[in-house]
Structure formats: C-alpha cells, structure tokens
Amino acid sequence: MDDTTVSTKDLNRVLGRWDLMAMAVGQIIGAGIMSMTGIAIGMTGKSVFWAFLIAAVFVLIQEIPVIILGGTVRMRGGNYTQIAFLTSPKWAGMYIITYIVSNISIAMYALSFADYFLSLVPGVPHKLVAGGIMTLFFITNYFGIQQAAKLQNIMVVVLATALAVFTAFGIPKVQPGFFSEPYYMTSGIIGLLSTAAFLTFATGGASIILNYGAEAKDPVKDMPFVIVVATLGVALLYGLMSIVAAGVLPVPEVANKPLTVVAAEILPKPLYVFFIVCGALFALTTTLNSQIGGMTKPVLQACVDGWFPKTLGRLHPKYKTPVYLLLLFYIVGMLPILTGWDIGFVGNMVLFINRGFLIVLSVSIVRLPKVIPEIWKKSKFHVSSGMLWFFALISVGINIVQTFLLARNISKAAVIGNLCIFAFAIAYGFLLEKKVTMEISYEES
C-alpha cells in the first residue's frame, strides 16, 4: 500500500441521498424499540402515539446546530472536523480520545443480536454468534463503503417491511375509542412530555451521517434533508406501531411489556417469526453496519492532522477504506465479546464526557460568522448571530435534560471512570497540541 495515501480527500464520494437515508434510518431504528414502546405505554398510556411525535420534535430541535452546519459545509471528519475548526486543536484532540472509547458500544449491538438469535435458534455459542455478526460487517466495510451501503439499503427495506407488517395487521384490530379514556394521558401533560423525553433515545441517531461527509456526493444538500425526513419518518412509523401496541389488548396487559406480546396476538405464526427475525435482528444489524461504516472517518482525519501515526490511517489502494482503523475498531468491538466485559458499564464510562462534547458542539455553531464569514453568508441556513445563539442554547438545554435522564442510575465507579478518561483526554489534547498540524477538513460543497 502507498504510505502517502492517508487523506479523507481520497475517500470515494459515492453515497447519494438515499444511501445516506438508509444509514440514518438504520441507525435510528434499534431493537430497543421492542421494549421501549411498552415502557412508554406504562408511562403515558394510549397517548404514547403523541409522545413519539413530540420526541421527534425534541430531537430535531436538538439537531438544529447539526442541520445548520451540515447544510453549510462538507465536513470530511464529521463532528471531529466541526470541533476542530470551530473551537481549537486541543479540543479536537480531547474529543477524538473519548470518541474512540465510546465506540466500544458496537459490541452491545452484536451481543444483543446474539441474544435475539439464540431465542430463535438455541444451542449456538453466544460468543460465536456475536463475534460472527461483528466480523461479517467489518469484512463488508473492508470492501468499500459502496458495498456496505448496498447491503444497508437492502436491510433497511426488509426492516421497514417487518415493522409495516406489524402495523398493517394491527391497525384494523385496534379497539374503538383509542384516543380517549380510559388509559389516555394517564400521567397528564407532564407525564406525556416525560415520556417524549424518554423516547428521544428511540428517535435520535440520524446525525451519525455527518461522519459520511467525505463519502457523500452532495452532503450540503442531502444531509439536512435526510436528518429531518429520517427522524420524522421513523417517529411516525413508531407512532403507528404504538397505536397497535396500546390499542389491541387492554393497556394493563401491554404496559412495560415487549412488542412481542401484541405481535403474537395479531400476526400469523410465519409473519410473527418474520417480525422477530427481520424486525429485532435487522434493527441491530442496520445500526451496527451504519456505525462501523462511519466511525473510522473522524479518526482518519485525526491521523491526517497528526494526533495518531499517519500510517494508522492508510487507505486500501483499491477500496479506499482505512483498513488499519477498521482493524483497530474490530479489536475494540471484539474485546467485550471475548472477555465478557459489562458493556453497560463500559458505555457509562464516557457518558458525561460525550454529553459534554455534544454541548460544546452545539455552542460552537455561534462561531460560524467569524470563522467562515463568506461561506456562511452564502449558506441557505444563514441567520443572524442572535438566532444562532438561540438555536445553540435550545440544543444545549435538551442535551442537559437527556444527560440527567441518562445519569440517574449511573454508578460511582462509572463516574470515576468518566473523570479518569476525561483527565487522560485533557492531557492528550494539551500535550500534543503543538505537535499536530491541523488540515482544513471542511469544504464549501
């Protein structure tokens, strides 16, 4: 391989609008919806439909800074590029350390896939299934983003079909008077809003496509559209599914129960199996594929800038994939599978740090008029500085609420872990800042 081929500029720009849509939808739809819907019904009753729609609005308000920035410049390193050019190099170095640690979450999707798979095909070793599905998608992404995108498109279509089957078979069986008492708005308007805040974790995730900025054909045009449409579209589908979940059987029988309870009631056996296999399992595989495909790009740009050895970011001469970074993340993802680490604990190790960086990213957009004044003037999202601050502060507020919801049950050990990783990230950013040469990794189009 050519040692000089280490640049996000050399990635293949092959992803169109609908490829990005598949990545966004696949990231949003996770198997958690199987359990979260029942929990949401327990929180607000049959008004869960409205909770999903409000949740999507909350998510889009939070994502306004991302939409504005993604509709203004191509960012070849995703959020890393944003924090690099709108804050300072040291912040970029700090961010990339926590970013790498946080992506250990890919193991969670593989382990959850194994759980669902073994419920259908018992007797297969759990680690073999989890490690096998992880390996499959890393191999797929090794052969180029275009191949991974084609597979993603197919999986998302099948996944959407499975969820649509549940909805189509269930809607005619919903009992009359769904949007009325009893069990409607069971905890009042506060309960409805609390449920919506909880469901933001089910309707968020579309902004992951920022990490595909270097491989998109026209990110400035496509990314804002994809984030909005994918978020609203999935939320509407979830809302319709929730009508079935809360409207076919009595609410007390489905509150805090998985969707499989209702699915078994409304679907013939073959379609029930199809719903479980292509609903739950494909929800996990589309998320896994989407995350693997995008997560190397911020680190690739960090290699270009000098935070890590440039050879680590070397691209395959034919497929233009960062093969060593894919291997690095493969090892990161396989470690919890092979060792039996508590992946929930590991995820909480960077909880506060990640939310903190999301707040920094939200606030950073207020610097657009100063950092790229000419490009900003031509942006279709151009607004006054006052409006930029308004959008940034609203996004910050929602991030703080979500952080509070996530952190309520975090252990002391996880808090200590957050502090240790943050201390290392700070030291890394400050010590290496003068040794890096930050490349301009944003483009006007």
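Let me sum up the structure you'll find in this document. It should be emphasised that the depicted structure is a prediction, and the values quoted were computed from it without experimental measurement.

## Brief notes about the overall build of the protein
Tallying secondary structure elements over the protein gives 21 helices and two strands in all. Whereas a compact globule of 445 residues would reach a radius of gyration of roughly 22 Å, the protein reaches 22 Å, a difference of no more than 12%. With the C-alpha coordinates aligned to their principal axes, the bounding extent of the protein is approximately 65 × 55 × 45 Å. Here the protein holds 445 residues, and the buried ones make up 57% of them. For the protein, the share of sequence-separated contacts (at least 6 apart) that also reach a separation of at least 24 residues comes to 85%. In the protein, 29 side chains carry a positive charge and 19 a negative one; their mean positions are 2 Å apart.

## Notes on the packing of helix α7 (residues 106–120) against helix α8 (residues 126–142)
Axis angle and axis distance: for two packed helices, these are the angle between their axes and the distance between the axes, and together they describe the pair. At their nearest, the axes of α7 and α8 sit 8 Å apart, and the two run at 125 degrees to each other. Judged by the angle between their axes, α7 and α8 are oblique. For the pair α7 and α8, the sense of crossing is right-handed. For the pair formed by α7 and α8, the contact residues are I106, A107, A110, L111, F113, A114, D115, F117 and L118 on the first element and H126, V129, A130, I133, M134 and F138 on the second. Residue composition of the contact of α7 with α8, by class: 13 nonpolar, one polar and one charged.

## A short note on the environment of A230
On the secondary structure map, A230 appears in helix α11 (residues 219–247). For the pair A230 and N399, spaced 169 residues apart in the sequence, the C-alpha separation amounts to 20 Å. Aside from chain neighbours lying at most four places away, what touches A230 is M21, A24, V25, I28 and A206.

## As for empty space enclosed by the protein
Under the definition given, this model contains one cavity of 30 Å³ or more. Taken as a whole, the largest cavity holds about 70 Å³ of empty space. Lining the largest cavity are 13 residues, with N141, G293, K297, T321 and P322 sitting closest to its centre. When residues of the lining of the largest cavity are assigned to their parent elements, the largest contribution, four residues, is made by helix α14 (residues 269–305). Taken together, the residues of the lining of the largest cavity sort by class into five nonpolar, five polar and three charged.

## Comments concerning the packing of helix α2 (residues 33–44) against helix α10 (residues 188–203)
For the pair α2 and α10, interaxial distance at closest approach is 9 Å and the crossing angle is 170 degrees. On the basis of their axis angle, the class for α2 and α10 is roughly antiparallel. On α10, the residues that touch I33, M36, I39, A40, M43 and T44 of α2 are G191, L192, S194, T195, F198, L199, F201 and A202. In terms of residue class, the contact of α2 with α10 is built from 10 nonpolar, four polar and no charged.

## Here we look at the environment of I331
Structurally, I331 is set in helix α15 (residues 323–339). With 227 residues separating them along the chain, I331 and I104 place their C-alpha atoms 9.4 Å apart.

## A short note on the pattern of salt bridges
For the coordinates displayed, the defined rule picks out 10 salt bridges. For R13, the salt bridge goes to E443, with nearest N and O atoms at 3.0 Å. Taken as a pair, R13 in the segment before α1 (17–28) and E443 in strand β2 (residues 442–443) lie far apart in primary sequence, 430 residues in all. Residues R74 and E443 are paired through a salt bridge, measuring 3.6 Å at the closest nitrogen-oxygen approach. With R74 in strand β1 (residues 74–75) and E443 in strand β2, the pair connects residues that are 369 residues apart, well separated along the chain. The burial state of R74 is the same as that of E443; both residues are buried. Linked by salt bridges that have partners in common, K9, R13, R74, R76, E439 and E443 make up one network.

About the thresholds
- Residues numbered from 1 in each chain as written.
- Predicted model: local features only at pLDDT ≥ 70, side-chain atom pairs only at ≥ 80, totals over all residues.
- Heavy atoms only, no water.
- Helix = DSSP H or I, 4+ residues; strand = E, 2+ residues; numbered from the N terminus.
- Rg over C-alpha atoms; globule rule 2.2 N^0.38 Å.
- Buried < 20%, exposed > 50% of the residue type's maximum accessible area, 1.4 Å probe, protein only.
- Contact = heavy atoms within 4.5 Å.
- Lys, Arg positive; Asp, Glu negative; His and termini not counted.
- Charge placed at Lys NZ, Arg CZ, Asp CG, Glu CD.
- Axes fitted to C-alpha atoms, helices over the stretch in contact; angles between N-to-C directions.
- Parallel < 35°, antiparallel > 145°, perpendicular 65-115°, else oblique.
- Left-handed = near helix turned anticlockwise from the far one by under 90°.
- Nonpolar A, V, L, I, M, F, W, Y, C, P; charged D, E, K, R; others polar.
- 1 Å grid on protein atoms, 1.4 Å probe; cavity = no way out; pocket = protein on both sides within 12 Å on 5 of 7 lines; lining within 4 Å.
- Points joined across faces, edges and corners; volume = space filled by probe spheres on them.
- Salt bridge = Lys/Arg side-chain N within 4 Å of Asp/Glu carboxyl O.

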